[in-house]
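Chain and residue survey
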4 protein chains.
Amino acid sequence: MSTKIRYLTAGESHGQALVVILEGIPSGLKLTKEWIDKELRRRQIGYGRGERMKIEKDEVRIISGVRLGKTLGSPVSFLIPNLDWKNWEKIMGADEVENKDVPAFTRPRPGHADLVGGIKYNFLDLRNVLERASARETAARVAAGAVCKKLLHEFNIKTFSRTVQIGREKDATAREEAIESYERIEKSPVRCLNFFTERKMIELIDEVKRRGDTVGGIFEVIFLGLPPGLGSYIQWDLKLDARLAFSLMSIQAIVGVEIGAGFEASSSFGSEVQDEIAYNETRGFYRLSNRAGGIEGGMTTGEPLVLRVAMKPISTLAKPLRSVDIVSKKEVAATKERSDVCAVPAASVIGEAVCAIEIAKAMREKFGGDSLEEMRKNYLSYMEYVRAR
Amino acid sequence: MSTKIRYLTAGESHGQALVVILEGIPSGLKLTKEWIDKELRRRQIGYGRGERMKIEKDEVRIISGVRLGKTLGSPVSFLIPNLDWKNWEKIMGADEVENKDVPAFTRPRPGHADLVGGIKYNFLDLRNVLERASARETAARVAAGAVCKKLLHEFNIKTFSRTVQIGREKDATAREEAIESYERIEKSPVRCLNFFTERKMIELIDEVKRRGDTVGGIFEVIFLGLPPGLGSYIQWDLKLDARLAFSLMSIQAIVGVEIGAGFEASSSFGSEVQDEIAYNETRGFYRLSNRAGGIEGGMTTGEPLVLRVAMKPISTLAKPLRSVDIVSKKEVAATKERSDVCAVPAASVIGEAVCAIEIAKAMREKFGGDSLEEMRKNYLSYMEYVRAR
Amino acid sequence: MSTKIRYLTAGESHGQALVVILEGIPSGLKLTKEWIDKELRRRQIGYGRGERMKIEKDEVRIISGVRLGKTLGSPVSFLIPNLDWKNWEKIMGADEVENKDVPAFTRPRPGHADLVGGIKYNFLDLRNVLERASARETAARVAAGAVCKKLLHEFNIKTFSRTVQIGREKDATAREEAIESYERIEKSPVRCLNFFTERKMIELIDEVKRRGDTVGGIFEVIFLGLPPGLGSYIQWDLKLDARLAFSLMSIQAIVGVEIGAGFEASSSFGSEVQDEIAYNETRGFYRLSNRAGGIEGGMTTGEPLVLRVAMKPISTLAKPLRSVDIVSKKEVAATKERSDVCAVPAASVIGEAVCAIEIAKAMREKFGGDSLEEMRKNYLSYMEYVRAR
Amino acid sequence: MSTKIRYLTAGESHGQALVVILEGIPSGLKLTKEWIDKELRRRQIGYGRGERMKIEKDEVRIISGVRLGKTLGSPVSFLIPNLDWKNWEKIMGADEVENKDVPAFTRPRPGHADLVGGIKYNFLDLRNVLERASARETAARVAAGAVCKKLLHEFNIKTFSRTVQIGREKDATAREEAIESYERIEKSPVRCLNFFTERKMIELIDEVKRRGDTVGGIFEVIFLGLPPGLGSYIQWDLKLDARLAFSLMSIQAIVGVEIGAGFEASSSFGSEVQDEIAYNETRGFYRLSNRAGGIEGGMTTGEPLVLRVAMKPISTLAKPLRSVDIVSKKEVAATKERSDVCAVPAASVIGEAVCAIEIAKAMREKFGGDSLEEMRKNYLSYMEYVRAR
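Report follows, based on the coordinates. Since this is a predicted model, take the numbers as computed values, not measurements. (Residues numbered from 1 in each chain as written. Chains lettered and ligands numbered in written order. Predicted model: local features only at pLDDT ≥ 70, side-chain atom pairs only at ≥ 80, totals over all residues. Heavy atoms only, no water.)

1. A few points about the overall build of chain A
- Secondary structure summary: chain A contains 14 helices and 17 strands in total.
- Radius of gyration (C-alpha) of chain A: 22 Å, near the 21 Å computed for a compact globule of 389 residues.
- Summarising its shape, the C-alpha atoms of chain A cover approximately 75 × 50 × 40 Å along the three principal directions.
- When contacts within chain A are restricted to residue pairs at least 6 apart in sequence, long-range pairs at least 24 apart make up 70% of them. (Helix = DSSP H or I, 4+ residues; strand = E, 2+ residues; numbered from the N terminus. Rg over C-alpha atoms; globule rule 2.2 N^0.38 Å. Contact = heavy atoms within 4.5 Å.)

Here it is in structure tokens:
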């Protein structure tokens, strides 16, 4: 897969810190800690989050790649320290402990990586698995995504996300309205536009919490302002829709992704789902509809990019599930960890981030360049050409 | 993304041939042209396919990597010749033509790569785009997938696929039944298990064809016999579910992917969707259900892997859509090309293939080795360990 | 490693054909079979080559990615057929042979992949190894390199190579002279500029041939016209010098690579080896010398790129070496295969090719774009900026 | 390129810290901070290093991937803090500074990335370049290499390195002796075995220092205990010798790499340079010599792996070189930074590290597995097979 941007994350949930190295951001991009922290906050807000979100206010510590307010072109790296590290040092520290009084986690939780991870990596203490498999890792990806969003902003590409369903409560408000009233979504504790649905979602979360249960949902990610021609049809792994599905499916608890009309399109006729092509001098080529969700042939069309993503309910229940102790092989209740009741609003912010990374990759591939200025010149030159087609 | 297996395809729809290079298959795997051709035939069969499928019977020509019936460990490559090449040589040949009487394709078809591809690559003849963007390229992936399926068979991993929906006609037959009666599916012209639904699907296709329209649907891909622990949670791009979604979404006209309960899970409660863990001496650890579709934490659990994939209706309609001539900028009817009415059954075979490739990759990562014998020893050693956990 | 260009080769030495898929060449590049064949010829010419070179005149068969004389942006693929395939079909065919009368190759040749390859891939017939490990594979890389050279030519980047040493016979002619009199080198049967040295090299080859021995040497690869700033210092695997060494060392029988003053620089003082910086309005920044060989900090400086590459003598000797039969474990003479006496002139052409590929990669990374026009606009915009610094 | 191991480094020379993420180390490997710190110390020792080495004693801070003394299989990450950060915070901090009193570095140093880097990334302050291009980054690679060396030790693979030349002072002691008396090398301030040569090297360094000059040299890296069959001939970028050259050439100031007899082999005859094959029951197959340096066909033979690497003299001279101010365009003396006189002994330690990483990659590819136990079982099974060939 062709790309200038690559990144790796590291870090355990209760370890010292999450670590991110993000390579391929052009030099000369203005970037502040505050910009990234704002995205980290957006990830932590949301009705239905557990206690931990209230304790921790994630902040990034920029280690490299940014100097005096601007990116250097060299790898950007940061830490997101664990604010509760003091309490975990003995359990999660790197040093061997003489007196092995660290209790092992041996009761795998259904729906988590615990059991299989323990087998794969040959652990009897499943904490060794869950600490990395935890969705806390997504904070690292949100931070990386924040940098990419900043880059996209320089090209007037805008990112939106919203909750469209929690449990069976659906918000059917039109996409256009959601974009227009986006401030409303940003303020909603469940990232839902419709007041009435928002209320019902909150009630559902309250009820589910009382029952010791969890609930899933669906969120939508939208990008506006994309140039036509990001991604490519020439090789399977260059298709942008496939790359977006890759990155969205890699988010913990995500179990479905669709683009544009998606699953609904599968029960439609061809005459209903295609976006007819029109042209006028002001807009150039455009579409009379956007059922494709902004992608044709694995490339952006220039229309809004629209993805819908299904999240299963969080696997950690207050009311534990049946499991088996991996040492004694006896039936036990799965270990209970502090957890969220509903993480769909947070997931929508994570979804924005991972898509922003993929789109930034595609922008870097198409426009090349090493400094923001160079990349911008190349971009403007292409956009001028597009208008003249 | 970690992998020993990598592959590239090349070739235009009406070019001389499709080309595949597939690297990373261990040495010593028995492989015949017939095995691959059988999969190519499965891709071409199906009610609702256009004329071309009847003309062409794809056959592979193995060029390298296989000697005297066995793989060499070196890159496997093959051609899938275009049987109609004589009629296309003047239009698609590599040589510059003096008398430029090759007519340009200037009427982009909505839903295809035509318009955006022409802009991206700076073409006025959109044939330059559609020839590569065409779904014919999937024949190459089916051939690569056939080799990977052969490898998986050596480890008793079995692949299934079936149509579960065409238009609004759904087959709700249980998965277990589908696997048991798989011969029936292989014989069905729409790859549908239920006789009654099959009939309705065929009627729908007939009707749609009469109307000059097309129709989409949903197919399911299932793998049995996977060892636990393929894929990994340790980095986002190693998660097997994400990699499967990546490869499935890269198939032409695919607009949605879900794993296990998928979108349905998003409207369920946590207590409903988790697969509780049990143990007995014969089976070792197992699950009381398989709502997760065989993946937890981005890794196979050992339970059946189940993916559902949404295909939009083929974009090429007999009844053409509104478009704009890219040269004259006048409104025109989009160019009509010979096409299928419904390609869902074919897509299900393609889906099998691309998933088989991803699973073969994950198998090669986990078990290493260079010869089939070495890979098998490593596999058996792991399976013994798993049983002893 | 960041790149838009990637390629794979496949094919056995006496198989049907070599296969190449080369992805990432922009659309709109004029390309002919003749251009590629010319490079294939250059690889086959040279004093000291074996019989095979005289039998076979390699020609490429373009399968995809080129239409009516221009690249499509989609993967370029070609075959280089084995002209002697008829005589090898029974021995190298893909089909299982009933009557197993194909003799096994069991006497590994020192200096070749035979012995270790047989162990690694678990073969008792070492032909399975040598057919892929053979230097014949470099024809595929020369073909891929020819396409990249064509791309570089569009940006006025020129490629040169020459033999500077065969055995102990050295040509100390200055680089500048070699470039000026390059036609002379192209006509020399040993690719040597100096007439006197050429004669001595030829005599040496004749003598070595008489003795049933082989001889190695050193060649030089030079690129002129590179823009400053290809490659990067920001991550180890983006450094252009490292990538060039990677690709050169991957050529069969290459055992050493140096850039600029290379090993000689290691015995010099800092005050002797640095290239001082000057500036004038016409040339912009330039250097007062070029001991660095055109690379600083892993990036092109704009000065000539100069690499020197050491080739060991071909391992296949007419006078066979001591070996051990892998089945009987008895001491035997290593199997003798038809072979070259000296392949240094050919290797210099291969060296050009693999470097051209790496430089084309770096050009595509820096200038992005999908069509040659777009890439060129971006290039020109950068070069204008460079001049204005 | 196939690999389970991948890594990225980040960090500026005078930034807060260097950062490393290293992925693909199996779980269950014992690893301590002390082990890594020891390697960092080895990199900092050496006659001829500048003042900075005396100030700073690099220590690693493990952030993730190691718990209670063992690796988790998840990405290992660490920081190497800049102990002098307090003095650099204002100059190198990420925050925008109101009062722009940070002086710009505008006098590019010949032999460094300064000039080209400034052009490429569009900087007027060349500190933005030199901070990342600096050889300080190699501390990060030494730390990553230390982890890989620990992994290799588990398989009885041992790493050695030594200085064989500084300026024109050569140590011709045999390799075998160097390995036997390795403690002596570890104690030598110039990593030279021969007492007499060591003295001359030290005198040379003293003299060069007095003159305000610098001096280069050649070091050797040796690995013992490698299994046969690491790397592969099947595709150019899988060849282990090429990958080793790639990683060695990526070290700052390295200008040449050779394997085994290297450049010397190029002036030899075939009958002189091949390593004849022998067999006895105890040792299995072995070689009567090791001119190939332990690699044939891009694969380890099982014989000692031997690489020789040329380092040019450090580019930063006390006696500055001619340059041009990039703003005023006037001729100036290049900026002088604190620097080493001779860094060859340090480079040899860095060379060990980067080779250890490549070999660990090749080991992970061949033996797969996720835990050290699983990898070891696969390794032992292969070694048993090798012995039985």
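2. Here's the deal with the relation of the copies chain B and chain A
- The operation relating chain B to chain A is a screw motion whose rotation component is 180 degrees, with 0.0 Å of axial translation and a residual RMSD of 0.0 Å. Expressed as an axis order, the relation between the two copies is that of a two-fold axis. Ranked by how close their C-alpha atoms come to the rotation axis, the residues of chain B are headed by Phe246(B), at 2.2 Å.
- Of all interface residues in chain B, 100% are interface residues in chain A too; the two copies therefore contact each other through one and the same surface. (Least-squares fit on C-alpha atoms with pLDDT ≥ 70 in both.)

3. Side note on the sheet that holds strand β9 (residues 217-224) of chain B
- Strand order in the open sheet formed by 10 strands is β8(A)-β7(A)-β9(A)-β15(A)-β10(A)-β10(B)-β15(B)-β9(B)-β7(B)-β8(B), with antiparallel pairing between adjacent strands. The open sheet is flanked by β8 (169-170) of chain A together with β8 (169-170) of chain B, the only strands paired with a single partner.
- Bridge analysis of strand β7 (residues 158-166) of chain B against β9(B) gives 8 bridges, and the strand direction is antiparallel. Across the sheet, residue Thr163(B) finds its bridge partner in β9(B), namely Phe219(B).
- Set on the sheet, helix α9 (residues 195-210) of chain A makes contact with β7 (158-166) and β8 of chain A; between it and β7(A) the angle comes to about 60 degrees. (Pairing = 2+ DSSP bridges. Axes fitted to C-alpha atoms, helices over the stretch in contact; angles between N-to-C directions.)

4. Section: the packing of helix α14 (residues 372-388) of chain A against helix α4 (residues 114-121) of chain B
- Taken N-terminus to C-terminus, the directions of α14(A) and α4(B) make an angle of 130 degrees; their axes are 10 Å apart at the nearest point. Looking at the two axes, α14(A) sits oblique to α4(B). Of the two possible hands of crossing, α14(A) and α4(B) adopt the one that is right-handed. For the pair α14(A) and α4(B), the contacting residues are Tyr382(A), Tyr385(A) and Val386(A) in the first and Gly118(B), Ile119(B) and Lys120(B) in the second. (Parallel < 35°, antiparallel > 145°, perpendicular 65-115°, else oblique. Left-handed = near helix turned anticlockwise from the far one by under 90°.)

5. Points about unusual backbone geometry
Residue and element names in this part refer to chain B.
- Of note in the backbone geometry, Asn 156 takes a positive phi value of approximately 60 degrees without being a glycine.
- Position of Asn 156 among the secondary structure elements: in the loop between α6 (138-153) and β7.
- Of note, Ala 253 is a non-glycine position whose phi angle comes to about 75 degrees, a positive value.
- Residue class for Ala 253 comes out partly exposed when judged on its relative accessible area of 22%. (Buried < 20%, exposed > 50% of the residue type's maximum accessible area, 1.4 Å probe, protein only.)

6. Section: the sheet that holds strand β2 (residues 17-23) of chain D
Residue and element names in this part refer to chain D.
- Reading across from one edge, β1-β2-β6-β3 is the order of the 4 strands in this open sheet, with antiparallel pairing throughout. Edge strands, defined here as strands with exactly one partner in the open sheet, are β1 (6-10) and β3 (61-64). If you compare each strand with its neighbour and ignore which way they point, the axes differ by 20 degrees on average.
- Here helix α6 (residues 138-153) sits on the sheet in contact with β1, β2 and β6 (76-81), set at roughly 35 degrees to β2.

7. Topic: the relation of the copies chain C and chain D
- When chain C is fitted onto chain D, the two copies agree to an RMSD of 0.0 Å after a turn of 180 degrees and an axial shift of 0.0 Å.
- A shared binding surface is used by both copies, with 100% of the interface residues of chain C retained as interface residues in chain D.

8. Thoughts on the interface of chain C and chain D
- Listed per partner, the contact involves 108 residues of chain C and 108 residues of chain D.
- For the pair chain C and chain D, the two sides together bury roughly 8800 Å², of which 63% comes from carbon and sulfur.
- Counting across the chain C and chain D interface gives 2 salt bridges.
- Put simply, Glu276(D) and Arg322(C) hold a salt bridge, and the shortest N to O gap is 3.2 Å. (Buried area = accessible area lost by both parts, 1.4 Å probe. Salt bridge = Lys/Arg side-chain N within 4 Å of Asp/Glu carboxyl O.)

9. A short note on the pattern of salt bridges
- Applying the stated rule across the entire model yields 152 salt bridges over all chains.
- As a salt-bridge pair, Arg211(B) and Glu207(B) come within 2.5 Å of each other at their nearest N and O atoms.
- Its relative accessible area of 33% is what places Glu207(B) among the partly exposed residues.
- Notably, a salt bridge pairs Glu220(C) with Arg175(C), separated by 3.0 Å at the nearest N-O pair. Of the two residues, Glu220(C) is situated in strand β9 (residues 217-224) and Arg175(C) in helix α7 (residues 175-180); the sequence distance between them amounts to 45 residues.
- Exposure remark for Arg175(C): the relative accessible area of 25% places this residue in the partly exposed category.

10. Some points on the environment of Trp88(D)
Residues and elements named next belong to chain D.
- Residue placement: Trp 88 occurs in the loop between β6 and α3 (89-92).
- Leaving out residues up to four positions away in the same chain, Trp 88 has contacts with His 14, Asn 82, Gly 93, Arg 127 and Glu 131.
- Separated by 3.4 Å, the side chains of Trp 88 and Asp 84 make a polar contact. (Polar contact = N/O pair within 3.5 Å; in protein donor to acceptor, adjacent residues only side chain to side chain.)

11. A look at the interface of chain B and chain A
- The interface is formed by 108 residues belonging to chain B together with 108 residues belonging to chain A.
- Between chain B and chain A, roughly 8800 Å² of surface is buried when both sides are summed, and carbon and sulfur atoms account for 63% of that area.
- Together, Tyr233(B), Trp236(B) and Phe246(B) form the three largest contributors to the area buried by chain B at its contact with chain A, with a combined 10%.
- Put simply, chain B and chain A have 2 salt bridges between them.
- Our count for the contact surface shared by chain B and chain A stands at 49 residue pairs in polar contact (both at pLDDT 80 or more).

12. Side note on the pairing of strand β9 (residues 217-224) of chain A
All names here are of chain A.
- Most of β9 sits inside the fold, with 7 of its 8 residues counted as buried.
- The pairing of β9 with strand β15 (residues 305-311) spans 7 bridges and is antiparallel. Each residue of the ladder has a partner; that of Phe 223, found in β15, is Leu 305.

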